[in-house]
Amino acid sequence: MDPSPFVRSSFWTVSIGLTTLWISNLGVSQTCIQRFLAVPDINFARKSVWIFVFGLIFIKSASCLTGIIMYAKYETCDPVTTKQIEKVDQILPFFVMEVASKIPGLPGVFIAGIFSAALSSMSTGMNTLAGTIYEDFFRHRYPNATEKRVSDVMKVLVIILGLLIVSLVFVVEQMGQVFRVSFAVSGLTAGSLLGLFTIGMLSRYVNTKGVIWGAVGSMLIVGVIMVGAQSLPKAPPLPTRVDGCDASLNFTITKQEVLTIDDTPLIFKLSFMYYTLVGSVLLIGIAYVVSYFTGGCEPFDERLLAPFRRSENWKSNEKNEALYKLEIHALEELKKLPIPDRRLSLDVA
């Protein structure tokens, strides 16, 4: 329950930090928004969100329950200390192989389930990223490309992204536990994305230059914090026991030295769960400062704002604008008619 943001994992870092990350992942990320836009209307989108929420609660609850069961089994015989596994990340497959190996086929079903889930998530992410890259960097250069050409280009992009991701596995392997690395890397961009959409929906003052400099500054600062955190000496793990191990296990316990990290800059000790929150706050702060010195916001469509941030007369302005566009369109159509028909149409109007 320590409220310090420099504690690696606490009630507050999970409740505040990870809540911010999940808001970004579900509310503004490309992978989720693409799904929401694929349904017929807003009601289907709401239903999709609720189905996702209940499914996610079930999956997370099952994961936590699995962790509690593993702790109960290995409470008195830690498999890492006994050198049965090399890293904590390996404890789940080790647990499955040890408990379910007596049931033919069950370990294989478990491994197949893990790979299916991983491939499903990866394929979604890579297809989304490939589509985004094509829309932003290729479509305006080749506006008349055929569907087949577009499909071929996106397939090539997916292959390139896949190779890049596979190569990064060797980098991630050196960065510690997968849980920590995944949340740290996600927080690097999720914070900027959440801040960008938040300020776009709520602010009438920030301009494009402010948002661009805010995004760049936010990612640079959070990136420096993340890289600096990798240089920290590894903190000693939580205490474990081996007094309940089988006598047949042959292992040697080496006492780990407790390394002090008081001489490390405090900012590098920031919990990785707060990266998203820090990134969002940085973007908003930098965007406001830059916008102040660059003249503020230019006129924009108030429909882009959250409903409670729109002006009282925005609906009437929108209605007048729609009528004006309708009048212009009608006049353009009238010009195409012969003069007698044009006069008659004007009289009717």
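Below is a short write-up of the structure.

Some remarks on the layout of surface pockets
Within this model, the second largest pocket holds a volume of roughly 380 Å³. In this structure, the second largest pocket is lined by 16 residues; those nearest its centre are I199, G200, M201, V206 and L304. Per-element accounting of the lining of the second largest pocket gives the leading share, five residues, to helix 7 (residues 178-202).

Notes on the pattern of salt bridges
Taken as a whole and judged by the stated rule, the model has four salt bridges. Residue R139 pairs with E135 through a salt bridge whose shortest N-O separation is 2.9 Å. Take E135: its relative accessible area is 42%, and that puts it in the partly exposed class. A salt bridge links R241 to D243; the nearest nitrogen and oxygen atoms lie 2.9 Å apart. On the basis of relative accessibility, which here comes to 36%, the residue R241 falls in the partly exposed class.

A word on the state of the cysteines
Scanning all chains against the criterion turns up one disulfide. Between the sulfur atoms of C77 and its disulfide partner C245 the distance amounts to 2.1 Å. Across the disulfide from C77 to C245, rotation about the S-S bond amounts to roughly 110 degrees, and the bridge is consequently right-handed. With C77 in the loop between helix 3 (42-74) and helix 4 (91-100) and C245 in the loop between helix 8 (208-230) and helix 9 (275-293), this residue pair connects regions lying 168 residues apart in the sequence. With respect to class, C77 is no different from C245; both count as buried.

Let's talk about a nonpolar patch on the surface
The grouping of L193, L196, F197, M201, L202 and F308 at the surface amounts to a nonpolar patch, some 530 Å² of accessible area in total. Of note, L196 is situated in helix 7. What makes L196 partly exposed here is its relative accessible area of 32%.

Section: the packing of aromatic side chains
One pass over the full model with this rule turns up seven aromatic pairs. Measuring from centroid to centroid gives 5.9 Å for Y74 and F94, while their planes differ by 35 degrees, and the two rings are tilted. With a gap of 20 residues between them, Y74 in helix 3 and F94 in helix 4 connect regions that are remote in the sequence. On the basis of relative accessibility, which here comes to 9%, the residue Y74 falls in the buried class.

Some thoughts on the side chain of S291
You can see S291 is positioned in helix 9. The exposure class of S291 is buried, given its relative accessible area of 0%. A distance of 3.0 Å separates the side chain of S291 from the backbone nitrogen of N207, its partner in a polar contact. Among residues more than four places away in sequence, those in contact with S291 are Y205, V206, N207, G210 and G296.

A word on unusual backbone geometry
The phi dihedral of K83 falls on the positive side, at around 65 degrees, and the residue is not glycine. Assignment of secondary structure puts K83 in the loop between helix 3 and helix 4.

So, how was this worked out
- Residues numbered from 1 in each chain as written.
- Predicted model: local features only at pLDDT ≥ 70, side-chain atom pairs only at ≥ 80, totals over all residues.
- Heavy atoms only, no water.
- 1 Å grid on protein atoms, 1.4 Å probe; cavity = no way out; pocket = protein on both sides within 12 Å on 5 of 7 lines; lining within 4 Å.
- Points joined across faces, edges and corners; volume = space filled by probe spheres on them.
- Helix = DSSP H or I, 4+ residues; strand = E, 2+ residues; numbered from the N terminus.
- Salt bridge = Lys/Arg side-chain N within 4 Å of Asp/Glu carboxyl O.
- Buried < 20%, exposed > 50% of the residue type's maximum accessible area, 1.4 Å probe, protein only.
- Disulfide = S-S within 2.5 Å.
- Patch = residues over 30% accessible without salt bridge, like charges linked within 9 Å, V, L, I, M, F, W, Y side chains within 5 Å.
- Areas by Shrake-Rupley, 256 points an atom, 1.4 Å probe, with all protein chains shown as cover.
- Phe/Tyr/Trp six-rings, centres within 6.5 Å; stacked < 30°, edge-to-face > 60°.
- Polar contact = N/O pair within 3.5 Å; in protein donor to acceptor, adjacent residues only side chain to side chain.
- Contact = heavy atoms within 4.5 Å.

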